[in-house]
Amino acid sequence: MRDLLDFVSQTLTIAVKDVRVELRTRELLSSMFVFALIISVLFNYTLDLKPTQAHDVAAGLIWMIFAFAGVLGLNRVFTAETDSGTLQGLLVAPVDRSALYLGKWLSTVVFIWVTQAVNIPLFALFANLPFSGLAWLTPILALGTMGFAAVGTLFAAIAANTRMREVMLPILLLPLTVPILLASVELTSTVLAGKSLETDRHWLSLLVAYDVIFLVVGLLAFETITQED
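Note that this is a predicted model, so its numbers are computed, not measured. (Residues numbered from 1 in each chain as written. Predicted model: local features only at pLDDT ≥ 70, side-chain atom pairs only at ≥ 80, totals over all residues. Heavy atoms only, no water.)

Enquirer: Quick rundown of the side chain of T153? Include the residues and the values.
Expert: Take T153: it is sitting in helix α7 (residues 138–159). T153 gets classed as buried once you look at its relative accessible area, which sits at 0%. There is a polar contact of 2.7 Å between the side chain of T153 and the backbone oxygen of A149. T153 has contacts with L74, F78, Y101, K104, W105 and T108, leaving out every residue within four places of it along the chain. (Helix = DSSP H or I, 4+ residues; strand = E, 2+ residues; numbered from the N terminus. Buried < 20%, exposed > 50% of the residue type's maximum accessible area, 1.4 Å probe, protein only. Polar contact = N/O pair within 3.5 Å; in protein donor to acceptor, adjacent residues only side chain to side chain. Contact = heavy atoms within 4.5 Å.)

Given below as structure tokens:
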């Protein structure tokens, strides 16, 4: 029981540290927010879609925007500490490396959630989507983000020590997150159409299963990935 409490404490300490650093610098959230906002405006005004067309493609556009904004944020999860030399200190500190992974995952989830909370209403405004159904997107955004961050945090650690890390991360990450993005798009489209998620239970099951599998894989593999450090 004490070991579990220590593990949870270490995880929360890492996550809170990242959040506090971000609140001081505001580099990560501002870049993710501005990127998502610019892409939302470009998609809605350059495509010049009719209301019915915008509704049809909205789910795909939403997750495309947050996938690329998430990659932008994940590129900074470990690289900032790698460049400053503090990552080596974290790795040699008496901290469970699984807790380090989980803490980084949790802070990444928080950053993407904040970006979504600000940008989803703006996207709905630009695309003339009904605001009444946006609240039902919350569980889908939560599950999709957690799975995306679980895979992303793992590969961000791998890419952090490569010379072309900004290029390597999306190359490694995006193919493996295709099932997450597909399930999230289908479920988002169902909600925006005003239908019940019961009609897409298989997509919901896939999303939950993928989240659990990659979170477990990340916890087990992170120590091996960072062992050379």
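Enquirer: Give a description of the confidence of the model for the chain that names residues and reports values.
Expert: Model confidence for the chain is summarised by a mean pLDDT of 82, while 86% of its residues fall at 70 or above. Within the chain, the lowest mean pLDDT, 66, falls on helix α5 (residues 86–92), and the highest, 91, falls on α7. (pLDDT = per-residue confidence, 0-100.)

Enquirer: Tell me about the environment of L206, residues and numbers included.
Expert: Among the secondary structure elements, L206 is positioned in helix α10 (residues 201–225). With a relative accessible area of 32%, L206 lands in the partly exposed category. Taking the C-alpha atoms as reference, L206 lies 9.7 Å from S184; in sequence the two are 22 residues apart. Setting aside residues up to four positions removed in sequence, L206 forms contacts with P179 and A183.

Enquirer: Any chance you could break down the packing of aromatic side chains for me, citing the residues and the numbers?
Expert: For the coordinates displayed, the defined rule picks out two aromatic pairs. Between Y101 and F222, the ring centres sit 5.6 Å apart and the planes meet at 45°, which makes this aromatic pair tilted. Taken together, the residues span a long stretch of sequence, with Y101 in helix α6 (residues 97–127) and F222 in helix α10 at a distance of 121 residues. As far as the burial class goes, Y101 and F222 line up, both buried. Where Y210 meets F214, the ring centres are 4.9 Å apart and the plane angle is 35°; that geometry is what we call tilted. Here Y210 pairs with F214, and both are found in helix α10, just four residues apart, close to one helical turn. Take Y210: its relative accessible area is 14%, and that puts it in the buried class. (Phe/Tyr/Trp six-rings, centres within 6.5 Å; stacked < 30°, edge-to-face > 60°.)

Enquirer: Could you give me a rundown of a nonpolar patch on the surface, with the residues and numbers involved?
Expert: A surface patch of nonpolar side chains, amounting to about 320 Å² of accessible area, comprises L4, V8, L12 and V16. Relative to the helices and strands, L4 resides in helix α1 (residues 2–25). A residue is classified by how much of its surface remains accessible, and L4, at 51% relative accessible area, is exposed. (Patch = residues over 30% accessible without salt bridge, like charges linked within 9 Å, V, L, I, M, F, W, Y side chains within 5 Å. Areas by Shrake-Rupley, 256 points an atom, 1.4 Å probe, with all protein chains shown as cover. Salt bridge = Lys/Arg side-chain N within 4 Å of Asp/Glu carboxyl O.)

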